[in-house]
Amino acid sequence: MSDSLHDQVRRFILENYLFTDDASQLGLDDSLLGRGIVDSTGMLEIILFIEEQLGVKVADSEMIPENLDSVNRIAAFVTSKRKAA
Amino acid sequence: MCGLAGIHFDDAARPPDGALLRRMIAAIGHRGPDGEGFLAEPGIGLAHARLSIIDLAGGAQPIWNEERTIAIVYNGEVFNYPELRKELLAKGHRFATDTDTECLVHLYEEEGDGFVDRLNGQYAFALWDRPRRRLLLCRDRTGILPLYWCRVVDSEVSGPAIVFGSEVKALFASGLVQAEADPEGLDELWTFWSPIAPRTVFKGVEMIRPGEMLVIEGAKVTRRKYWNWEFPDAGQHRRAPLPELAHELTGILGDATQIRLRADVPVGAYLSGGLDSSSLVALLNRSIASSLHTFSIGFDDPDLDESAHQRAVVERLQTRHHHFQCTAADIADSFPTAIRHTESPVLRTAPAPMRLLSQSVRQAGLKVVLTGEGADEVLGGYDIFKEAKVRQFWARNPGSPWRPLLLKRLYPYLDFTSAQGDAYLKEFFGQGLATPDDPFFSHQPRWMTTAQCKLFWSRDFAARAGTGATERLAANLPPDFPRWHPFNRAEYLEAATLLPGYLLTSQGDRMLMASSVEGRFPYLDHRLVAFANALHPSLKMRVLKEKYLLRLAMQEALPASILERHKQPYRAPDAAAFLGPRTPDYVNELTTPNALKSYGYFDPDKVARLVAKLRRSRAPAVRDNMAFVGILSTQLWHAEFIDRTH
């Protein structure tokens, strides 16, 4: 289950920010901001993806790099939110 | 304004081909539809296309001195010509015309190459000194008017020679220059928004730098930079009481505007609804009797539209206003024409509406407009200056949670939803925080965002383009640069890159001249630049209030709504203009995998994914918009210039 969530997140980022399906282009811990993959307006799309495709609502206070700045962080955040629900 | 072109042979005996000169000038005929003129003699050929503005009957070019030893073809205006003329008459010169142009040949006779220091204006010219067999090619200080040249190494038609012209089209029309992409020039464009002169996007074609004169004697070319943006060392800025400085600013700007009304045809003005153009109109209106024609542009997207502010200024100043409402379809339909005139890829659609605006000026029967361009560079208006100031402040205490929050105040016009959390703002603008003394500290976030668009380049093209853009810029910074205040360094970078490379060319001269309209730029009067560069940065940006001194100086002449308005940069609809309900055929054709592969710049798979993403996206990211416009314009540019001439 958690593998497929990681894949789903990675696929979304590869498709929408790196415009490729080559998984080797994005490590699970790569920083999305640090590598310049997401620009200052791009984070909106990631949050929409989490809310609409993964079914998890993101509160304002949760919109921080600790939750959203890599595939692993997003997956961990989504998993913990699902458990809490 | 006008257009000029020509050829200079290394071999002084070689005669120019008249047909070649006619082809060259015909290629830029839009710059001067009112007449043509030629000089052809052994060793040199000059051609001129005239847009008549001063001395309508007598100003045909080339223009000569009394003994017909010095000839000039010239594009532009020298606004202090009545004063120069008076002085030259007193020295015994006889004038055959009433033009500003003729002052230049007489002044050259008097003062030699240094005569350009006496000119107040915007110009590009080719001056031929027949007895000394010297050709001068020269551009104005800040780069308002363009001039390109290229060395022809070995051609049966010309032998070794130099061809030159106001636009690159003229060089290609000579048949002596082959259009070929310069990958390093394109790399600079995909970093700074334009190549940095002398480099262009065409291999072998150079642009004379702003404030530079080329002296060509036989096969020898000497470059002389006669002017540059200069600032005092940090701590050495001029100090004076505020009211005195505000008064001085109004005086210089008022005179800069006043002398830019000198013309034998009516002069109008662009009005964006912002502080810069409104100030000019306010200064103007006091000084001219008849009501002024003003022109503005509006967009359907309320985030981009400034019509309400334009109306407020028009109501206050009672001008004869012309409004052009630009739709997304207008941009999509006119974009190929805009690229034919920019002669370069662009990363924003903004030039296209500017051409439609100049067209509306022409349709209203005018051929000269004043514009507020340059005010942000000269008087400190750009958000990038504020960003840099906050980031400098933050870098002094990088752990502070509060200092970076100031950044949120900078962008009230952007939709800072909660998704743009403070943490993200900090991450983005925090780039380079550890190195506040880096010469490019102020511009790193912008250049990095732009450079991210290179993700779409093909592997092969990326390898050819290299990664040397910022290193080359660093190597060419003025020696005094490290001693300047960080704010002045940011101003210099803006004035040396974006202003001449993009704003004054792709969005300025080219879009004006496409409709045979001359723009005039009071904020770039060199006296105003000298005054402003000496001011302490706190007079340009007081805390985070931009153009502080200008606001103060204009407070009685403008409505409070304009004076207190936060600066809104001019932006036009980007990808959405092309990928909405109606996509023009050319967009589909130029973005097919085959078209992309055959030109070789982009990775077709990535471009297809970008287009699909933009089509389904509700709020496209800045980078995606910029990348799409860059891809489309590069494809158009290649089709127009490189495919066509091969």
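Residues numbered from 1 in each chain as written. Chains lettered and ligands numbered in written order. Predicted model: local features only at pLDDT ≥ 70, side-chain atom pairs only at ≥ 80, totals over all residues. Heavy atoms only, no water.

Here the focus is the overall build of chain A. Scanning chain A for helices and strands turns up four helices and zero strands. Secondary structure elements in chain A, listed N-terminal to C-terminal, are α-α-α-α. Relative to a compact globule of 85 residues, whose C-alpha radius of gyration would be 12 Å, chain A shows 12 Å and is just as compact. Referenced to the eigenvectors of the C-alpha coordinate spread, the extents of chain A come out at roughly 35 × 30 × 20 Å. Burial statistics for chain A: of 85 residues in total, 48% are counted as buried. Contacts spanning at least 24 positions in sequence make up 52% of the contacts within chain A whose residues lie at least 6 apart. As displayed, chain A has an accessible area near 4000 Å², and 49% of this comes from carbon and sulfur atoms. Side chains of chain A give 8 positive and 15 negative charges; the mean places of these two sets differ by 6 Å. (Helix = DSSP H or I, 4+ residues; strand = E, 2+ residues; numbered from the N terminus. Rg over C-alpha atoms; globule rule 2.2 N^0.38 Å. Buried < 20%, exposed > 50% of the residue type's maximum accessible area, 1.4 Å probe, protein only. Contact = heavy atoms within 4.5 Å. Areas by Shrake-Rupley, 256 points an atom, 1.4 Å probe, with all protein chains shown as cover. Lys, Arg positive; Asp, Glu negative; His and termini not counted. Charge placed at Lys NZ, Arg CZ, Asp CG, Glu CD.)

This paragraph deals with helix α9 (residues 328-342) of chain B. All names here are of chain B. Compared with an ideal rise of 1.5 Å per residue, which puts 15 residues at 21 Å, α9 spans 20 Å between its outermost C-alpha atoms and is within 8% of the ideal. Residue Phe335 marks the point of greatest curvature in α9, where the axis turns by about 45°; the proline Pro336 follows within four residues. When we look at burial in α9, the residues that qualify are Ile331, Ala332, Ser334, Phe335, Ala338, Ile339, His341 and Thr342. Where α9 terminates, the next one or two residues include Glu343, which has phi positive at roughly 55°. (Expected span 1.5 Å × (residues − 1). Bend = angle between axes of the 7 residues up to and from the residue.)

Before going further, it helps to examine the sheet that holds strand β16 (residues 368-370) of chain B. Residues and elements named next belong to chain B. Here five strands make up an open sheet; going across it, the order is β15-β14-β13-β16-β17 and the pairing parallel. Both outer strands of the open sheet, β15 (320-326) and β17 (518-520), are each paired with one neighbouring strand and no more. Neighbour to neighbour, the strand axes of the sheet diverge by 30° on average, direction disregarded. For strand β14 (residues 293-299) and β15, the ladder comprises seven bridges, and the chain directions are parallel. Residue pairing in the sheet places Ser296 in a bridge with His323 of β15. Contacts from α9 reach β14 and β15, with the element oriented near 80° to β15. Against the sheet, helix α10 (residues 351-363) engages β13 (268-270), β14, β15 and β16, with an angle of about 145° to β14. (Pairing = 2+ DSSP bridges. Axes fitted to C-alpha atoms, helices over the stretch in contact; angles between N-to-C directions.)

Residue and element names in this part refer to chain B. With eight of its eleven residues buried, helix α3 (residues 101-111) lies for the most part within the structure. Contacts made by the buried residues of α3 are with β4 (63-64), β5 (70-78), α2 (81-90), β6 (121-129) and β7 (134-139). Trailing α3 by a residue or two, Gly112 shows a phi angle of about 70°, which is positive.

All names here are of chain B. Within the element layout of this structure, Gly273 appears in the loop between β13 and α7 (275-287). Given the relative accessible area of 0%, Gly273 is considered buried. For the pair formed by Gly273 and Val313, sequence separation is 40 residues and the distance between their alpha carbons is 6.7 Å. Those residues in contact with Gly273 that sit more than four places away from it in its chain are Ser278, His309, Gln310, Ile562 and Arg565.

A few words on the pattern of salt bridges. Residues and elements named next belong to chain B. For the structure shown, the criterion picks out 54 salt bridges over all chains. Of the charged contacts, one joins Glu217 and Arg134 as a salt bridge, the two residues approaching to 3.4 Å between their closest N and O atoms. Of the two residues, Glu217 is situated in strand β11 (residues 212-217) and Arg134 in strand β7; the sequence distance between them amounts to 83 residues. Overall, Glu217 belongs to the partly exposed group, its relative accessible area being 31%. Residue classification places Arg134 among the buried positions, given a relative accessible area of 6%. Residue Glu180 is joined to Lys203 by a salt bridge in which the shortest nitrogen-to-oxygen separation is 3.8 Å. Taken together, the residues span a long stretch of sequence, with Glu180 in the loop between α4 (168-173) and α5 (183-192) and Lys203 in the loop between α5 and β10 (205-207) at a distance of 23 residues. On the accessibility criterion, Lys203 (41% relative accessible area) is partly exposed. (Salt bridge = Lys/Arg side-chain N within 4 Å of Asp/Glu carboxyl O.)

Residue and element names in this part refer to chain B. Membership of the largest hydrophobic core comes to 232 residues, with the highest contact counts inside it found for Phe115 and Phe578. A total of ten residues in this core trace back to one element, the largest contributor, which is helix α28 (residues 622-645). Once you skip the residues sitting within four places of it in the chain, Phe578 turns out to touch Ile331, Ala332, Phe335, Thr349, Thr583, Pro584, Tyr586, Val587, Phe628 and Leu632. (Core = buried A, V, L, I, M, F, W, Y, C linked by side-chain atoms within 4.5 Å.)

All names here are of chain B. Structurally, Thr342 can be placed in helix α9. Judged by its relative accessible area of 5%, Thr342 is buried. Within polar-contact distance, the side chain of Thr342 engages the backbone oxygen of Ser344 at 2.8 Å. Contacts of Thr342, omitting those with residues within four sequence positions, involve Pro351, Ser506, Arg510 and Met511. (Polar contact = N/O pair within 3.5 Å; in protein donor to acceptor, adjacent residues only side chain to side chain.)

A few words now on the sheet that holds β5(B). All names here are of chain B. Spatially, six strands are ordered β4-β5-β6-β7-β11-β12 in an open sheet, and the strand pairing comes out antiparallel. The open sheet terminates on both sides in strands that have one partner only, identified here as β4 and β12 (220-225). Here β6 pairs with β7 via six bridges, running antiparallel. Opposite Phe125, over in β7, you have Cys138 as the bridge partner. Packing of α3 onto the sheet brings it into contact with β4, β5, β6 and β7, and relative to β5 it is tilted by some 125°.

All names here are of chain B. The final tally for this structure, using the stated rule, is 28 aromatic pairs over all chains. Ring centres 5.9 Å apart and planes at 75° place the aromatic pair Tyr382 and Phe385 in the edge-to-face group. Residue Phe385 is classed as buried on the basis of its relative accessible area of 1%. Measuring from centroid to centroid gives 4.9 Å for Trp457 and Phe461, while their planes differ by 75°, and the two rings are edge-to-face. (Phe/Tyr/Trp six-rings, centres within 6.5 Å; stacked < 30°, edge-to-face > 60°.)

To continue, consider the packing of helix α12 (residues 383-395) of chain B against helix α17 (residues 486-496) of chain B. In a packed pair of helices, the relevant descriptors are the angle between the two axes and the axis-to-axis distance. Residue and element names in this part refer to chain B. Taken N-terminus to C-terminus, the directions of α12 and α17 make an angle of 145°; their axes are 10 Å apart at the nearest point. As for the relative orientation of α12 and α17, their crossing is right-handed in sense. Residues Ile384, Phe385 and Gln392 of α12 form the contact with α17, whose own contacting residues are Pro486, Phe487, Ala490, Glu491 and Glu494. (Left-handed = near helix turned anticlockwise from the far one by under 90°.)

The next subject is the domain arrangement of chain B. All names here are of chain B. Taken as a whole, chain B is organised into domain 1 (2-225), domain 2 (242-378 + 509-563) and domain 3 (576-645). The distance between the C-alpha centroids of domain 1 and domain 2 comes to 28 Å. Contact with domain 1, which involves 35 residues of that partner, is made by 29 residues of domain 2. Buried surface at the junction of domain 1 and domain 2, summed over both partners, amounts to about 2700 Å²; 57% is from carbon and sulfur atoms. The largest contributions to the domain 1 side of the interface with domain 2 come from Ile53, Phe79 and Asn120, which together make up 23% of the buried area. Put simply, domain 1 and domain 2 have five salt bridges between them. Of the charged contacts, one joins Lys169 and Glu343 as a salt bridge, the two residues approaching to 3.1 Å between their closest N and O atoms. The tally of links from domain 1 across to domain 2 stands at 15 residue pairs in polar contact (both at pLDDT 80 or more). In terms of residue count, the dominant contributor to the side of domain 1 that touches domain 2 is α5 (three residues). Its residues placed into classes, the side of domain 1 that touches domain 2 shows 20 nonpolar, seven polar and eight charged. (Domains from an automatic or database assignment. Buried area = accessible area lost by both parts, 1.4 Å probe. Nonpolar A, V, L, I, M, F, W, Y, C, P; charged D, E, K, R; others polar.)

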